[in-house]
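Next come the chains, spelled out residue by residue.
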Amino acid sequence: MALSGLQIFKLLPKTNCKECGQATCMAFAMQLAAGKAELDQCPYVSDEAKAELGEASAPPVRRVTIGAGDMAVTIGEETVLYRHEKRFEHMPGLGVLISDEMDDAEVDGILEQLSQQEFNYVGQTLRPRVAAVKAADGAALAALAAKADEKAGAALVLVSEDAEALKQAAEPLKDKKPLLYAATESNFDAVSAVAKELDVPFAIKADSLDALADLGQKAVDGDFKEVVLDPSSATLGEVLRDQTLIRRAAVKQTFRPFGFPTIGFPCNMTDDKMQEAVFASTFIAKYAGLVILSDLDPARTMPLLYLAQNIYTDPQRPMQMDQGIYPINDPDENAPILVTTNFSLTYFTVSSEVEASKVPAWLCVMDVEGQSVLTAWAAGKFVADAIAPFLKKSGIEEKAPHKKVTIPGYVAQISGELEEELGEGWQVQVGVREAADIPKYLKQISEN
Ligand code: SF4
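**Overview of the nonpolar core**
Ala-131, Val-133, Leu-156, Val-157, Leu-158 and Leu-180 are the most contacted members of the largest nonpolar core, which totals 84 residues. The element contributing the most residues to this core is helix H5 (residues 138-152), with six residues. The residues touching Val-133, leaving out its near neighbours within four places in the chain, are Ile-98, Leu-141, Leu-144, Ala-145, Ala-148, Leu-156, Val-157, Leu-158 and Val-159. By size, the runner-up hydrophobic cluster in this structure holds 35 residues, among which are Met-321, Val-339, Val-359 and Ile-387.

If you want it as structure tokens, here you go:
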């Protein structure tokens, strides 16, 4: 049964030494209670406390990290079934399958894409990071894994049911924490022994949820913490069912055999690329930790990454920009001044249209706790007596002393009051409502 932060705190050393990364033992206890920390992050917990806290303090879905450096992927550590209950913690890692059945040029092309492909969306860089490497024997698996590491620095999933082959490929790369895929009913002991020896994560795979639960129990009994589950779902319905049942059992019943993140292989489920994207999006929407595709066509990877980002954004914390003045297209002292809010989507929509207009401009972004223009206005945060002091303190007058400022068309009603608040010499212009109309508007006012 889950313990409260206070119950956990009573069992900690209470020295506030900070070695766990938290400022106090109480803060660490709260993190443990929320499933956001692992007990072994505190080196001073007594054996008695460990026995008492033990499993009760572990997150219902264990954290697993594969890969290293910028390409590392951390999954799991989830505590809820629905995002609105709190938030989802770690975006699934998107990856691609390469195999020794492909010719060198094809493998090189995929690895080149994996190393280069990235998308910037509302201030975040999104990219695939995982290479699932499959080969017929240990030597070929080791060679392909080494290549994927060298050319793309990818987080690796080593695909084989031969424990010796997995060991041959994983041993030289063990510091990069490759995922051994997979232990089954027939090779569990051998694959888990390799995982233990090399200190790397491993996946367990079974053809039914009952069989997967049996393997999960063996992993729990063996005190394995970095484990990934594959229920071998073959249809869209099975993906939905299996992923939901696993997550529900983990977070609602604290069923430890299912208390690990999952992996899905849409690449193996269909030859139809669009259908593969549908499978992948279902895995992403329904809890999968790793999703492996057959290629990295940006027409599919981009929307899949955006989907993951949307689902894994904290619903209680709007994505926001820092307050400040953002110069666009190299503005000078005569360039127009625009003002908007610091909701990321607003900023990126407005700034990309200003950029596209090629008209130099100053974009003044005001901190309204990440709300959009109308929401912030309705909440009394993007109103005349708040915008005026922001503009005056922002330093925009030194950069562009003409004192003409454009406000979003949606808050046209505050223009008179804002002009009064700003005082002598200021002129407030009402801009457009839709961002798509910004280029035309900017060209008009810069010609006048
Ligand atoms: S490492 Fe342990 S003793 Fe030190 S602050 Fe963290 S919980 Fe307290």
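**A short note on the sheet that holds strand E16 (residues 404-407)**
Read from one edge of the open sheet, five strands run E13-E15-E14-E16-E17, paired in mixed fashion. Unpaired on one side and paired on the other, strand E13 (324-328) and strand E17 (427-430) mark the two borders of the sheet. Averaged over neighbouring strand pairs, the angle between their axes works out to 30° when direction is ignored. The sheet contact formed by E13 and strand E15 (residues 361-366) spans five bridges and is antiparallel. When the bridges of E15 are listed, Ile-328 appears paired with Ala-361. Helix-sheet contacts for helix H14 (residues 384-394) involve E13, strand E14 (337-341), E15 and E16, and the interaxial angle to E15 is about 125°.

**Looking at the domain arrangement of the protein**
Domain assignment breaks the protein into domain 1 (5-57), domain 2 (64-312) and domain 3 (324-447). Taking only C-alpha atoms into account, the centre of domain 2 sits 45 Å from that of domain 3.

**A few points about unusual backbone geometry**
Keep in mind that most residues, glycine aside, have a negative phi and that most peptide bonds are trans. Put simply, Tyr-181 and Ala-182 share a cis peptide bond, and its omega is 10°. With respect to the secondary-structure elements, Ala-182 resides in strand E8 (residues 179-183). Look at Lys-358: it is not a glycine, yet its phi comes out positive at around 65°. Inspection of the secondary structure puts Lys-358 in the loop between helix H12 (344-357) and E15. At Lys-403, a residue that is not glycine, the phi angle is positive and equals roughly 65°. With respect to the helices, strands and loops of the structure, Lys-403 is situated in the loop between helix H15 (396-399) and E16.

**A word on the environment of Ser-4**
Counting through the fold element by element, Ser-4 comes out in the segment before helix H1 (5-10). In this structure Ser-4 comes out as exposed when scored by C-beta crowding, with 11 C-beta atoms within 10 Å. Considering only alpha carbons, one finds Ser-4 and Ala-34, 30 residues apart in sequence, at a separation of 8.7 Å.

About the cut-offs
- Residues numbered from 1 in each chain as written.
- Predicted model: local features only at pLDDT ≥ 70, side-chain atom pairs only at ≥ 80, totals over all residues.
- Core = buried A, V, L, I, M, F, W, Y, C linked by C-beta atoms within 7 Å.
- Buried ≥ 20, exposed ≤ 12 C-beta atoms within 10 Å, placed from the backbone.
- Helix = DSSP H or I, 4+ residues; strand = E, 2+ residues; numbered from the N terminus.
- Contact = placed C-beta atoms within 7 Å.
- Pairing = 2+ DSSP bridges.
- Axes fitted to C-alpha atoms, helices over the stretch in contact; angles between N-to-C directions.
- Domains from an automatic or database assignment.

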